[in-house]
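# Geometric and topological summary
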There are 6 protein chains.
Amino acid sequence: MRANNRKDNELRPVTFTLDYCEYPLANVLVEIGKTRVLCCVTAENRVPPHLVGSDSGWVTAEYAMLPGATQTRTPRDISRLRIAPRSSEIQRLIGRSLRSVTDLQGLCGLSLTVDCDVLQADGGTRTASITGGWLALWLGCEKLVKQNIIVKNPVKEQIAAVSAGIVDGKPLLDLDYSEDSNAETDFNMVMTNTGRIIELQGTGEKRPFTRDELTSLLDMGTKAIAELCRLQREVM
Amino acid sequence: MRANNRKDNELRPVTFTLDYCEYPLANVLVEIGKTRVLCCVTAENRVPPHLVGSDSGWVTAEYAMLPGATQTRTPRDISRLRIAPRSSEIQRLIGRSLRSVTDLQGLCGLSLTVDCDVLQADGGTRTASITGGWLALWLGCEKLVKQNIIVKNPVKEQIAAVSAGIVDGKPLLDLDYSEDSNAETDFNMVMTNTGRIIELQGTGEKRPFTRDELTSLLDMGTKAIAELCRLQREVM
Amino acid sequence: MRANNRKDNELRPVTFTLDYCEYPLANVLVEIGKTRVLCCVTAENRVPPHLVGSDSGWVTAEYAMLPGATQTRTPRDISRLRIAPRSSEIQRLIGRSLRSVTDLQGLCGLSLTVDCDVLQADGGTRTASITGGWLALWLGCEKLVKQNIIVKNPVKEQIAAVSAGIVDGKPLLDLDYSEDSNAETDFNMVMTNTGRIIELQGTGEKRPFTRDELTSLLDMGTKAIAELCRLQREVM
Amino acid sequence: MRANNRKDNELRPVTFTLDYCEYPLANVLVEIGKTRVLCCVTAENRVPPHLVGSDSGWVTAEYAMLPGATQTRTPRDISRLRIAPRSSEIQRLIGRSLRSVTDLQGLCGLSLTVDCDVLQADGGTRTASITGGWLALWLGCEKLVKQNIIVKNPVKEQIAAVSAGIVDGKPLLDLDYSEDSNAETDFNMVMTNTGRIIELQGTGEKRPFTRDELTSLLDMGTKAIAELCRLQREVM
Amino acid sequence: MRANNRKDNELRPVTFTLDYCEYPLANVLVEIGKTRVLCCVTAENRVPPHLVGSDSGWVTAEYAMLPGATQTRTPRDISRLRIAPRSSEIQRLIGRSLRSVTDLQGLCGLSLTVDCDVLQADGGTRTASITGGWLALWLGCEKLVKQNIIVKNPVKEQIAAVSAGIVDGKPLLDLDYSEDSNAETDFNMVMTNTGRIIELQGTGEKRPFTRDELTSLLDMGTKAIAELCRLQREVM
Amino acid sequence: MRANNRKDNELRPVTFTLDYCEYPLANVLVEIGKTRVLCCVTAENRVPPHLVGSDSGWVTAEYAMLPGATQTRTPRDISRLRIAPRSSEIQRLIGRSLRSVTDLQGLCGLSLTVDCDVLQADGGTRTASITGGWLALWLGCEKLVKQNIIVKNPVKEQIAAVSAGIVDGKPLLDLDYSEDSNAETDFNMVMTNTGRIIELQGTGEKRPFTRDELTSLLDMGTKAIAELCRLQREVM
């Protein structure tokens, strides 16, 4: 049995706390089971070098763990003078996913940074970051519209993300840390509300997986993402 | 008038949330007004190079801001490949203060790291870090005693910290960010429960200050620290 | 029409040059169209910290571009004091893929490093690195067996990798740089000889993609990987 | 007895050598006992980012030890790729102290850097840096006035600094290294000629200290700083 | 006897492969014995800070080893966060040599970077880099002339470089790695076609050397450099 | 005419101040004209990784400029997170020169570091560092012999260094900064007392130089180095 009698295709409890912080343009504290990520959006009046001179704005993401977020302390990046390669990979994933549903031209030359800081890590931090980060991005853009800084919300599609994996030969949704550590296969999916795919990242950690297994995981994920999108809409 | 009709020598509301996180040895979320710092203690079975071969343990602190903690986004240290000099100064202050009341010999060769991560910064983050960090350190040592890892709690004295300053010629306790930005003089005090001094750091930001002004600030601080110690004891 | 009259599901010409270099344990210069990657394997008698004390060996990969490999010069990582995030992501992918088909216990405590240096980049450098890197790894292990350093070749499965994408609404195999720049969807697949999946990484760069499109890309990739494995076997 | 029969409230011999170097705008080699710090002031026609667009100039300080300045060799910062946290703290203290008595508007957009390089360290290097650095700053501004680059000397007050501490229960002025290593309490004071306070930094290294002890140390420091200011004036 | 019956004053076989790569402005793969260096030239429309505002262009060089180029793997610079001091020294030598024969005014504000990447290192990589790098620089400038970007080729003199050394008391030309490791004296010479000297770098690794020995090495080098220049002209 | 009526082949005034500092094993403040370098030797009981397990000791050098040593302020290496390439090249030269005349086996596993810190730079800092560094090394080894840490002084030969160059077509000895900036050719020589060569580094900065010019410069340098060795012996 899974912890808390969870079913194989069941999400952990999900909560979105809006406005946990006072200063960012928008922010969402997303909790999925014990995983807890603070997603803050800030706007700055500049674009990265490759966009200078264009009309385009930009959306980027940064991802980091607090040292106390994990079962054994995670050293800070600055103590090693390099960003953890895993964090680097994850923040690229978050940024790509959010940019792919944003009309960058509609940002009027603003750069939005979505900071995803993991306060507690019990599996699924990257998918929680996307699910919460998208909500914060959407809320931030709504505020920019209200402040007459941009004309309309440039976020074109609603997205969310979830993990799934094969543990002891069985497909499971939304792995917690102890399940993730034992997974044969680990899959992260970012999709729209209607099940179209934004990003797929699947790894056969312990063994290759089959096309049939892939289908099961995608089916599970599609349903869960629709549910996550429904929960996002409840607080929007 | 100060915000919320606060008196000149009045602390902002203080709350200590114990066990906000699940994984660290001990942790305290300290909130003083809008300032919010998560203090996590972890123990590791090693000592810094200068203590290898001795019987001594060690206590150290790290301090950082989340990017969204401030009114304009604070870039991460890793993006500049160096720790912010202000953070470096503050974490040295926290570490010195905590070590000065700990019997390092009593730690049986353990290193305790007190991570102070600022979730929201509205003035007084360094003193909140010490006040919350001391509580987390004491709680962590209590757990180590219960787990029979150390014989008795090596924290010898109760301490807390508070800021005070002179704003428009008037001594004020526990400055918030808008007061701190206008302070002529900025003072941070770390004291024991009984008013003996652990650390003093005072700066005449806009003008030199007099011995009389120093006396006012110290008197204010002594009382406030006794109050903070009382609040700590309520949750110990 | 694609360059050189290539069909939608056709690989570019593939060549593997063995022993391009004299000093590494094994090396393969893989060329796929104009993309050219030098894959060198070296063995060292140490393991990373998390394996010290275990019987396990290790396989890791490093990936980098020569400055002159791209249409505009790519600055060296050292000039920015950080590894390019894209390179960091790619070398994690190569390492994971190769480890997933290697019996690390069978390496007798050796660490094998697979260096993938891109001499010329015309799309598909990460998949070429895996296809060539796997071959170099297998050849290196064969040498270690012949030198009686390990008992049997610990590489358990044959793998290769290929990219595919949707360009102007059409699924295309093995994108070159000009196709990749215009792709709506970009997909990298690592599979075994028999079509079981090791790694999937798909991105809807310009728009979300559908489950049907995913199926087309996977079908294309499966056939191409079987062909790449056949070509690997010709030189093994 | 203290070394050289020094009295408890007696300064070590102090010398200021002006123009030890030929190239900086101004420079002072300050020697206090065996402690020897070279303070060089240079002017540059730029301001830090937060002042661009304002009329303000800037004053900053850098502090470093030569490797051979200490009893055991001090590794260079560059060999560890980070500034020593102690140096970072000290150079912030020097910079704050000097800025607090300078009219930055009067600098006509110039940045003055006060480099304090410790040639020999026998205790009190930070206070010697402030005492000598202030003198070099004042001399540099005089030259700028003579060169008609600024209208009048923007340094508004004369300051100096000294350390004091409690060793074996006794308050001592101007600790040398061997005294400092055994101090129960370590105190650094920056004051004006007339005893108003610029910066206080006190640490109960081995035990908390009392308000009475604080008073003794401040009294000692006030007199010594007046004497240091007198010595500065002799060479101005 | 030397490897391959080589005479004391005989060069190893030299080949220049032009246009090994497709994207740089010009490139030469130079092979001298087993030593193999890829020299790529790229042009950028900017100059270093000290030339901004002048009419001058710039020529610079970068030098690096691939990890698999040496008998034991060479770690990448980025893994240590600093350029290998030997590489730093070598790229300064290459840059100085090439600049000394280039009319920087004639570059119309362009910066040319000559990247020398060592694919295989069997002694003499720095001199091969200069010999191949000069050829690539000349070819690149010819292309700029043809593209009407600059008026005439600004490379004023033909240069090449060679090493020589004293091994077992005997002067030898063009040392390979095993000879270099045993050399008493190691000498690198950069000269023009007619034997005038651009750079000399000689080291008495194991013992001082005499003026007579210097004369022998210079005589050997002069002849060899004339021969290398002849070979360059064959492919120009 | 040269400054101070100096003849073409005349050294600037040279002084060696022994024991300028109190803490290093040995130290020499060398002044040559206005150039002033502090050379400190320290011994540590460890060897670099490549010598662990051998009987050999080690000699290394570090070279740096104080910010105020030059006509315009030199930024500290740590502010750019990399050692200045010129400093890196110079400290390798100093280290190689000193090692080449030291019997490393005779150092009983000690590492000696020769820190050369330039207090004032008026040309010839690298040669002054070698001339002064050798003296400090020899003095340090004498002390180690007296302390019975090593059996006999392992420094086998006396060496010194000097620069020479061609300015306006005329060979000049010991260039100061203004001469060096205008030199057509810049030459640094390290030789033994008897004129045998340890290191040569010559650069045709503005034009190639001839063998005859090389001969003039070497002749000049040989005499000057004999004179410098004589001056060293006066204080040994």
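Summing up its helical and strand segments, chain A has five helices and nine strands in all. Taken from the N to the C terminus, the helices and strands of chain A come in the order β-β-β-β-α-α-β-α-β-β-α-β-β-α. Against the globule reference of 18 Å for 236 residues, chain A gives a C-alpha radius of gyration of 18 Å, in line with a compact fold. Within chain A, buried positions represent 63% of all 236 residues. For chain A, the exposed area adds up to about 9000 Å²; of that, 49% sits on carbon and sulfur atoms. On chain A, the mean spot of the 28 positive side-chain charges and the mean spot of the 30 negative ones are 1 Å from each other.

Another point: the interface of chain C and chain A. Buried accessible area, meaning the area lost when the parts come together, often serves as the stated size of an interface. Between chain C and chain A, the residue contacts involve 29 residues of the former and 29 residues of the latter. Between chain C and chain A, a total of about 2700 Å² is buried, with carbon and sulfur atoms accounting for 50% of that surface. Interface area lost by chain C to chain A is led by C:I197, C:P208 and C:R211, which between them contribute 24%. With a shortest N-O distance of 2.9 Å, C:R211 and A:D219 are connected by a salt bridge. Summed over the shared surface of chain C and chain A, the result is 12 residue pairs in polar contact (both at pLDDT 80 or more). Taken together, the residues of the side of chain C that touches chain A sort by class into nine nonpolar, 10 polar and 10 charged.

Looking now at the sheet that holds strand β5 (residues 111-120) of chain D. Residue and element names in this part refer to chain D. Spatially, five strands are ordered β1-β2-β3-β5-β4 in an open sheet, and the strand pairing comes out mixed. In this open sheet, the two strands that pair with only one neighbour each are β1 (14-18) and β4 (58-65). Between one strand and the next, the sheet's axes are offset by a mean angle of 20°, whatever the strand orientation.

When chain A is brought onto chain B, the operation consists of a screw motion whose angular component is 180° and whose axial shift is 0.0 Å, with 0.0 Å RMSD remaining. One copy is carried onto the other by what is essentially a two-fold rotation axis. Distance from the rotation axis, computed per C-alpha, reaches its smallest value in chain A at A:I78: 2.6 Å. When you check the interface residues of chain A against chain B, 100% turn up at the interface there too, and the contact is symmetric in its surfaces.

So, on to helix α2 (residues 85-100) of chain D. Residues and elements named next belong to chain D. In a regular helix each residue adds 1.5 Å, so 16 residues correspond to 22 Å; α2 covers 23 Å between its end C-alpha atoms and thus fits that length. Counting buried positions along α2 gives 12 out of 16 residues, so the element sits mostly inside the fold. Along α2, the residues classified as buried are S87, S88, E89, I90, Q91, L93, I94, G95, R96, S97, L98 and S100.

A few words on the sheet that holds strand β3 (residues 35-44) of chain E. The pairing of strands in a sheet happens through backbone hydrogen bonds and is either parallel or antiparallel. All names here are of chain E. Strand order in the open sheet formed by five strands is β1-β2-β3-β5-β4, and the pairing between neighbours is mixed. With partners counted over all chains shown, the strands left at the sheet margins are β1 (14-18) and β4 (58-65), one partner each. Along the sheet, successive strands turn relative to each other by an average axial angle of 20°, direction set aside. Looking at chain direction, β4 and strand β5 (residues 111-120) are connected through eight bridges and run parallel. By the bridge assignment, E62 is partnered in β5 with D115. Together, β1, β2 (26-32), β3, β4 and β5 form the strand contacts of helix α3 (residues 125-146), whose direction differs from that of β2 by roughly 155°.

Residues and elements named next belong to chain D. On the secondary structure map, T35 appears in strand β3 (residues 35-44). A polar contact is formed between the side chain of T35 and the backbone nitrogen of D122, at a distance of 2.9 Å. Of the polar contacts made by the side chain of T35, one reaches the backbone oxygen of G123; its length is 2.7 Å. Those residues in contact with T35 that lie beyond four places of it in its chain are R12, V30, Q120, A121, D122, G123, G124, T125 and A128.

Residue and element names in this part refer to chain E. Note on placement: E10 falls in the segment before β1. Residue contacts for E10: discarding those within four places in its chain leaves R2, N5, L173 and D174. Polar side-chain contacts of E10 include one of 2.8 Å to the backbone nitrogen of K7.

Okay, the relation of the copies chain C and chain A next. Note: a rotation about an axis with an accompanying shift along it relates these two copies of the chain. Note on the copies: chain C fits chain A at an RMSD of 0.0 Å, the axial shift is 0.0 Å, and the rotation between them is 180°. Comparing interface residues between copies, 100% of those in chain C also lie at the interface in chain A; the contact surface is shared.

Taking C-alpha atoms as the reference, chain C and chain D come no closer than 11 Å and do not contact one another. Chain A makes no contact with chain F; the smallest distance between any of their C-alpha atoms is 11 Å.

With 100% of its residues at a pLDDT of 70 or more, chain A has an overall mean of 97. Here the predicted complex carries an ipTM of 0.96, next to a pTM of 0.96.

Listed as interface residues are 35 residues of chain A and, on the opposing side, 35 residues of chain B. Taken together, both faces of the contact between chain A and chain B bury some 2900 Å²; the carbon and sulfur share is 53%. When residues of chain A are sorted by the area they lose upon contact with chain B, A:Y23, A:R73 and A:R76 head the list and together hold 25% of the total. For the interface between chain A and chain B, the tally reads 12 salt bridges. For A:D115, the salt bridge identified is with B:R73, shortest N-O distance 2.6 Å. On the surface where chain A and chain B come into contact, there are 16 residue pairs in polar contact (both at pLDDT 80 or more). Secondary structure elements with two or more residues in the side of chain A that touches chain B: β3 (35-44), β4 (58-65), α1 (77-80) and β5 (111-120) of chain A. Ranked by residue count, the leading element in the side of chain A that touches chain B is β5(A), at six residues.

This brings us to the packing of helix α5 (residues 211-235) of chain B against helix α5 (residues 211-235) of chain D. Contact geometry for α5(B) and α5(D): axes closest at 13 Å, N-to-C directions at 160°. Taken together, α5(B) and α5(D) sit at an angle that is classed as roughly antiparallel. Every pair of crossing elements has a handedness; the one defined by α5(B) and α5(D) is right-handed. Note on element contacts: α5(D) touches α5(B) through D:R211, D:L214, D:T215, D:L218, D:D219 and D:T222, opposite B:R211, B:L214, B:T215, B:L218, B:D219 and B:T222. When the residues that make up the contact of α5(B) with α5(D) are grouped by side-chain class, the tally is four nonpolar, four polar and four charged.

Turning our eyes to something else, we now look at the environment of B:E199. Note that B:E199 resides in strand β9 (residues 197-203). For the pair B:E199 and B:S97, spaced 102 residues apart in sequence, the C-alpha to C-alpha distance is 6.8 Å. Aside from chain neighbours lying at most four places away, what touches B:E199 is B:L93, B:R96, B:S97, B:N188, B:M189, B:V190, D:G202 and D:T203.

Residue and element names in this part refer to chain F. At their nearest, the axes of helix α3 (residues 125-146) and helix α5 (residues 211-235) sit 11 Å apart, and the two run at 35° to each other. Along this stretch, α3 crosses α5, giving a crossing that reads as right-handed. For the pair α3 and α5, contact is made by T131, W134 and L135 and by L228, Q232 and V235, respectively. Its residues assigned to classes, the contact of α3 with α5 shows four nonpolar, two polar and no charged.

The end-to-end C-alpha distance of helix α3 (residues 125-146) of chain A is 31 Å, a good match for the 32 Å that 22 residues give at a rise of 1.5 Å each. Most of α3(A) sits out of view: 18 of its 22 residues are buried.

Among the seven residues in strand β9 (residues 197-203) of chain F, seven count as buried, and that is most of the element. As defined by bridge partners, strand β9 (residues 197-203) of chain E adjoins β9(F) across five bridges and the pair is classed as antiparallel. The residue bridging E:E199 from the neighbouring strand is F:T203, located in β9(F). Taken together, the six bridges between strand β8 (residues 185-192) of chain F and β9(F) define a ladder with antiparallel strand orientation. Residue pairing across strands places F:F187 opposite F:G202, the latter belonging to β9(F). Hairpin connection from β8(F) to β9(F): four residues lie between these consecutive antiparallel strands, with F:G195 at a positive phi of about 90°.

With that settled, consider the packing of aromatic side chains. Tallied over the full model, the rule gives six aromatic pairs over all chains. Seen in terms of ring centroids, E:F187 and E:F209 are 5.9 Å apart; in terms of plane orientation they differ by 90°. Their pairing is edge-to-face. With E:F187 in strand β8 (residues 185-192) and E:F209 in the loop between β9 and α5 (211-235), this residue pair connects regions lying 22 residues apart in the sequence. E:F187 sits in the buried class, given a relative accessible area of 0%. Here B:R36 stacks its cationic end above the ring of A:Y20, 4.2 Å away from the centre of that ring.

Basis of the calculations
- Throughout, a residue's number is its position along its own chain's written sequence, starting from 1.
- Just so you know, chain letters begin at A and ligand numbers begin at 1, following the order they were written in.
- Selection of residues for local features in this predicted model requires a pLDDT of at least 70, selection of side-chain atom pairs for listing and counting requires 80 or more, and totals for whole chains, interfaces and linings are taken over all residues.
- Here the side-chain values reflect all heavy atoms present in the structure, with hydrogen atoms and water set aside.
- Numbering of helices and strands starts at the N terminus; helices are DSSP runs of H or I of at least 4 residues and strands are runs of E of at least 2.
- Taken over C-alpha atoms, the radius of gyration is set against a globule rule of 2.2 Å times the number of residues to the power 0.38.
- The cut-offs for exposure are 20% and 50% of the maximum accessible area for each residue type, with area from a 1.4 Å probe on protein chains only; residues under the lower value are buried, those over the upper are exposed, and the others partly exposed.
- Exposure was quantified through the Shrake-Rupley algorithm and a 1.4 Å probe, taking into account, for residues, occlusion by the shown protein chains and nothing else.
- Only four residue types enter the tally: Lys and Arg on the positive side, Asp and Glu on the negative side, with His and both chain ends excluded.
- Lys charges are placed at NZ, Arg charges at CZ, Asp charges at CG and Glu charges at CD.
- Contact criterion: two residues are considered in contact whenever any of their non-hydrogen atoms come within 4.5 Å of each other.
- Summed over both partners, the accessible area (1.4 Å probe) lost when two parts come together is defined as the buried area.
- Any carboxyl oxygen of Asp or Glu within 4 Å of a side-chain nitrogen of Lys or Arg constitutes a salt bridge here.
- In protein, a polar contact requires one atom able to donate a hydrogen and another able to accept it; more generally it is a pair of N or O atoms within 3.5 Å, and residues adjacent in sequence count only if both atoms are side-chain atoms.
- When residues are sorted by character, Ala, Val, Leu, Ile, Met, Phe, Trp, Tyr, Cys and Pro go into the nonpolar class, Asp, Glu, Lys and Arg into the charged class, and all the rest, Gly among them, into the polar class.
- Any two strands with at least two DSSP-identified bridges between them are counted as paired.
- For helices, the fitted axis covers only the stretch in contact; all axes are lines through C-alpha atoms, and the angles between them, taken along N-to-C directions, range from 0 to 180 degrees.
- The atoms used to superpose the copies are C-alpha atoms, taken from residues with pLDDT of at least 70 in both, and the fit is least squares.
- Multiplying 1.5 Å by the residue count of a helix minus one yields the expected span of that helix.
- What pLDDT reports is the predictor's confidence in each residue, on a scale of 0 through 100.
- Convention used here: angles under 35 degrees read as roughly parallel, angles over 145 as roughly antiparallel, angles from 65 to 115 as roughly perpendicular, and any remaining angle as oblique.
- For a crossing to be left-handed, the near helix must be turned anticlockwise from the far one by less than a right angle; the clockwise case is right-handed.
- Planes of paired rings set the category: under 30 degrees apart is stacked, over 60 is edge-to-face and the rest tilted, where pairs are Phe, Tyr or Trp rings (Trp by its six-membered ring) whose centres lie within 6.5 Å.
- Geometrically, a lysine NZ or arginine CZ counts as sitting over a ring once it is within 6 Å of the ring centre and also within 35 degrees of the ring normal.

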